[in-house]
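Below are the chains, spelled out letter by letter.
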Amino acid sequence: MKKPRYMLFIAILAFTRCADVLAAVAENRDEFPLMIDKAGVSLRFDGVGAVSGGGATSRLLVSYEDPERSRILDYLFKPNFGAALQILKVEIGGDSLAGCGAESSHMHTDNVSRVDYSTGYEWWLMVEAKKRNPDIKLYGLPWSFPGWLGTKSPYANPQLTAQYIVKWLEGARHIYNLTIDYIGVWNERPSNSTYVQVLRSAMDAAGFKQTQIVAKDGGADICNSMATDKAYADAVDVIGLHYPSDFSNFSLCHSFNKPFWASEESSSYDDANGAACWARVINSHWVLQQMTSSIMWNLVGSYYHGTNWYAESMMTADQPWSGHYWVSPVIWATAHVTQFTKVGWRYLKNRAGSGLLPLGGYYVTWVDPDGPDFTIVAVKISYEHAPCIRPHLPRFNTSAETVTFELTASMGHIQSLQVWYSNFEDGPPHTLFEKQANVAVVNGKVNLHIPVGGYFTLSSLKSGEKGSFPNEKTSAPNLPLPYKESFDADQISGTAGYFADQIGIFEVHAASSQAGAHKNVMRQMVPQTPIAWQGWGDTGPLTVLGMREWQDVTVSIDFYVSEELVVHAMPCVATRSDQKWLYAVALCVNGTGWTLSNRGPQLQADNTPGNPPATSIYQSGPLPAGVSIAGWHAITLTTITTQASGTLDGHVLFANASIGNADTGFVGVGMNYWYPVEFDNLEVDAAGPNWEPTAPCHSSTAGDTLGSRNCTTNGLSSPDQEFDLLATYQLRHAPSGLCATATALAASATITLEECDATNSNQTFFNTYSNIRNMVTAIEAVNGLVLSGRYSNGTVSLQTRKATPGCWTEWAYFPNTRQLRNQYTRDDAAGYPQCLSTCPQ
């Protein structure tokens, strides 16, 4: 029997090198007309979704007040309004750092009488999603596990771990009336045949036979394991891969005849390029690999910039204090599919409704198997805008074209189709999910012109809405100071104020001691080292708040240490902290004295004191005479430029101590081990003179030369340092609206401001648009030269990528202040951070 051509294409992939893949694609592009035939009905559509977690990506969302919080949820989940998500995948909290933060477990210990279904916010999020869309599918996956399940692996006692997951399922069902449709194994870590089989049996025995197991939420090696272990394969319901390449050979995975998903995808910044990435993969995954679901990491960027992988999300909502949120283009890229399909509809196979557009791009058709409705989506993204953060994408070409879709009699006698259109390469501003005039179906044919960057939905459904709300709040990224938090208004077992846990878990509970009128407190809850998904260095528990750009602040907080912990516990408060307080200015106290250091405390071994490494200590000393840290105490730390001061219960520990001046970062609170230290009465305020906005040096005009100077600090923006990274890969000076332009595409060419022109190659500065917000990375001209700065005189020019003495060739973008900096974390050798500026030094 002759193979269908789309199966032949998959076979070609198995025998071609990556460089040959695009030739194979070109040879198998469809020819006119593009047939749409319901006789070609194929696999079940399992939905488009997003991930909350991996970790703590929704942390700040729960801290928004209504109506803004409800509006954000509507954009994500409400049918025919925004993203209209069909799957919500959540992290099963495991008490450990997982990417952007740590999420709380429902079982910090093995005491089944202390299972706590009030922890975290994923329960709340699933309930809210179901309120808006009762048909949404729910999916739980652990990134980490509490330490009582084992030392390094959750598979040491499969029965124990399976019962732990069953307890989570029971909480969903009995406390929140939620049915969990899918359960994962361990995010991007080894799967285990014995455990998966035990989990299947445990779920069945507990009444969760309908909950399907997805494995392994990682690489395709799961298919190799299943091929030699029938019992393993029988226990797995769905094969879920992360960031699968459409140009890999997954024939073994397909051989099991199980649903085949991209169970985590995208991880790309939520601008028009992120939308282009997402629009491409949710369609190409079907055409090239017959994947029936794509799930984006992550749902909503509700975590601080300065924690990992900022805003690689469907939308951004990280300012609960201002109520501001950003509805990104990714929302509308999703709506093109989700507002016009339902889980359970069927794909049409390649050459019968889906396939490769003749001049590049993809088209996909979904049909209602029980009715006349259908939806066609066509997408054409250029190579420059198509890549996601991973995996590697082979180079390809696309061109604008006019295509003809021919609807056979099996599609019914329809007179016209509803049309929605986006273009992720036509701006800024970009065309995003705009309703077009209906397109006529003439003699069963539809003609459609598809430009590069274009994304079309044609549907028989009359649904579809580009939802919006009036009076959306203005962005104010700097947490207003002074900020005070007593935790008394926070929910018991819930998150504390605007704190975002990074190492350990800090929940709100009633105070252990009411002395000093303490009511609710923030308590560290993890009792032992978790089974981690991600390492965090060698530091102790930490929770942070504020802004990555803060430098000069005063922070004070009360802490409580019980008598039995006095010998070993070391409560700490920090400023200028990074996500793991490997960089920080930290004041710690224990039973014998105090230390001021340039990082957080080391995580101690069991029952041994843990202190900052000696090489990191600025100063240290004994406790004031007659002072013990047992009970409640107040600690204060102030940092201003190159000096720090600290007190304990009003006693001066040090004043005007010399510290580094290159650090910026969060306020942090923590300790040296998994101790139940309690905190209360937080106060944070601005300190020193550097909290006034900088006056502009001049009004920028065309022809001005760009350079660099010291970055403004404390989250304050300065007009000369405000730049937007456009999805067109232009650098636009925000106040003037002019774009950075190389005077020539040659080494040592300077950079000036000129009128923005996306066709001017001298204005193209390629960057890894997701990475640059999370690390330093090159900004590259079209000929491979990179944007470079010189320390001595502030000159910025094009140079070769090879490092030149006295220069830097990598930059990081700080979106809250719109600064392009030469440092992401402290670089002592580089000195004070430098920023791209229209007023060079």
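Attention here is on the structure that accompanies the text.

Calculation rules
Residues numbered from 1 in each chain as written. Predicted model: local features only at pLDDT ≥ 70, side-chain atom pairs only at ≥ 80, totals over all residues. Heavy atoms only, no water. Core = buried A, V, L, I, M, F, W, Y, C linked by side-chain atoms within 4.5 Å. Buried < 20%, exposed > 50% of the residue type's maximum accessible area, 1.4 Å probe, protein only. Contact = heavy atoms within 4.5 Å. Pairing = 2+ DSSP bridges. Helix = DSSP H or I, 4+ residues; strand = E, 2+ residues; numbered from the N terminus. Axes fitted to C-alpha atoms, helices over the stretch in contact; angles between N-to-C directions. Phe/Tyr/Trp six-rings, centres within 6.5 Å; stacked < 30°, edge-to-face > 60°. Lys NZ or Arg CZ within 6 Å of the ring centre and 35° of its normal. Polar contact = N/O pair within 3.5 Å; in protein donor to acceptor, adjacent residues only side chain to side chain. Expected span 1.5 Å × (residues − 1). Bend = angle between axes of the 7 residues up to and from the residue. Disulfide = S-S within 2.5 Å.

The next subject is the nonpolar core. Phe 77, Leu 88, Met 314 and Phe 424 are the most contacted members of the largest nonpolar core, which has 118 residues in total. Look past the residues within four positions of Leu 88 in its chain and what remains in contact with it is Ala 50, Ser 52, Phe 77, Leu 125, Met 126, Ala 129, Ile 136, Lys 137, Leu 138, Tyr 139 and Leu 299.

With that settled, the discussion passes to the sheet that holds strand 8 (residues 238-242). Strand order in the closed barrel formed by 8 strands is 3-4-5-6-7-8-9-10, and the pairing between neighbours is parallel. The pairing of strand 9 (residues 260-266) with strand 10 (residues 293-297) spans 3 bridges and is classified as parallel. By the bridge assignment for strand 10, Ala 262 is matched with Ser 294. Contacting strand 3 (47-52), strand 4 (87-92) and strand 5 (137-142), helix 4 (residues 122-132) runs over the sheet at an angle of about 170° to strand 4. Against the sheet, helix 6 (residues 193-205) engages strand 6 (182-183) and strand 7 (212-218), with an angle of about 150° to strand 7.

Here we take up the packing of aromatic side chains. Counted under the stated rule, the structure contains 42 aromatic pairs. The lysine or arginine in question, Arg 390, covers the ring of Tyr 243, its NZ or CZ lying 4.5 Å from the ring centre.

What follows deals with the sheet that holds strand 24 (residues 500-503). Here we have 7 strands laid out as an open sheet, ordered 24-27-36-29-30-31-32, and antiparallel in their pairing. Edge strands, defined here as strands with exactly one partner in the open sheet, are strand 24 and strand 32 (617-622). Between one strand axis and the next, the sheet turns through 20° on average, direction left out of account. Bridge analysis of strand 29 (residues 572-577) against strand 30 (residues 585-589) gives 4 bridges, and the strand direction is antiparallel.

This brings us to the pairing of strand 43 (residues 786-790). Counting buried positions over the 5 residues of strand 43 gives 4, a clear majority of the element. Where strand 43 meets strand 44 (residues 796-799), 4 bridges bridge the pair, whose relative direction is antiparallel. Residue pairing across strands places Gly 789 opposite Val 796, the latter belonging to strand 44. Here strand 43 hands over to strand 44 after 5 residues, with Gly 794 in that stretch at a positive phi of 75°. As judged from the 2 bridges shared by strand 43 and strand 45 (residues 807-808), these two strands associate in the antiparallel manner. Among the inter-strand pairings, Arg 790 is bridged to a residue of strand 45, identified as Cys 807.

Right, let's talk about the environment of Glu 122 for a bit. Within the secondary structure layout, Glu 122 lies in helix 4. For the pair formed by Glu 122 and Lys 89, sequence separation is 33 residues and the distance between their alpha carbons is 9.6 Å. Residues contacting Glu 122, with those up to four places away along its chain left out, are Ser 52, Gly 53, Val 90, Glu 91 and Glu 103. Within polar-contact distance, the side chain of Glu 122 engages the side chain of Ser 52 at 2.8 Å.

On to unusual backbone geometry, then. Cis rather than trans, the peptide bond between Trp 297 and Asn 298 has omega equal to 5°. Residue placement: Asn 298 occurs in the loop between strand 10 and strand 11 (300-301). Here the amide bond leading from Pro 428 into Pro 429 is cis, since omega sits at -5°, within 30 degrees of zero. Note that Pro 429 resides in the loop between strand 19 (416-423) and strand 20 (431-440). The phi angle at Asn 80 is positive, at roughly 55°, despite the residue not being glycine. Within the secondary structure, Asn 80 is located in the loop between helix 3 (68-77) and strand 4. A residue is classified by how much of its surface remains accessible, and Asn 80, at 29% relative accessible area, is partly exposed. Phi at Tyr 243 is positive, roughly 50°, even though this residue is not glycine.

Taking 1.5 Å as the rise per residue, helix 10 (residues 272-289) with 18 residues should run 26 Å; its terminal C-alpha atoms sit 25 Å apart, in good agreement. At Asn 283, helix 10 shows its maximal kink, close to 30°. Helix 10 sits mainly inside the fold: 18 of its 18 residues count as buried. Its side-chain oxygen 3.0 Å from the backbone nitrogen of Asn 273, Asp 271 forms the N-cap of helix 10. A positive phi of about 55° marks Gln 290, the residue just after helix 10.

Our next topic: the state of the cysteines. A complete count under the given rule lists 6 disulfides for this structure. Here Cys 277 engages in a disulfide with Cys 388; their sulfurs sit 2.0 Å apart. Across the S-S bond of Cys 277 and Cys 388 the torsion is about 100°, and the bridge reads as right-handed. Linking Cys 277 in helix 10 with Cys 388 in the loop between strand 17 (374-379) and strand 18 (401-407), this pair joins segments that are 111 residues apart in sequence. Judged by relative accessible area, which is 8%, Cys 388 ranks as buried. Covalent S-S linkage joins Cys 711 and Cys 835, the inter-sulfur distance amounting to 2.1 Å.

The α-helix advances 3.6 residues per turn, and as a result positions three or four apart in sequence lie on the same side. By the criterion of burial, helix 3 is predominantly enclosed, with 9 of the 10 residues buried. Among the residues making up helix 3, those that are buried are Glu 68, Arg 69, Arg 71, Ile 72, Leu 73, Asp 74, Tyr 75, Leu 76 and Phe 77. Against the buried residues of helix 3 lie strand 4, helix 4, strand 11, strand 12 (315-319), strand 13 (324-326) and helix 11 (329-338).

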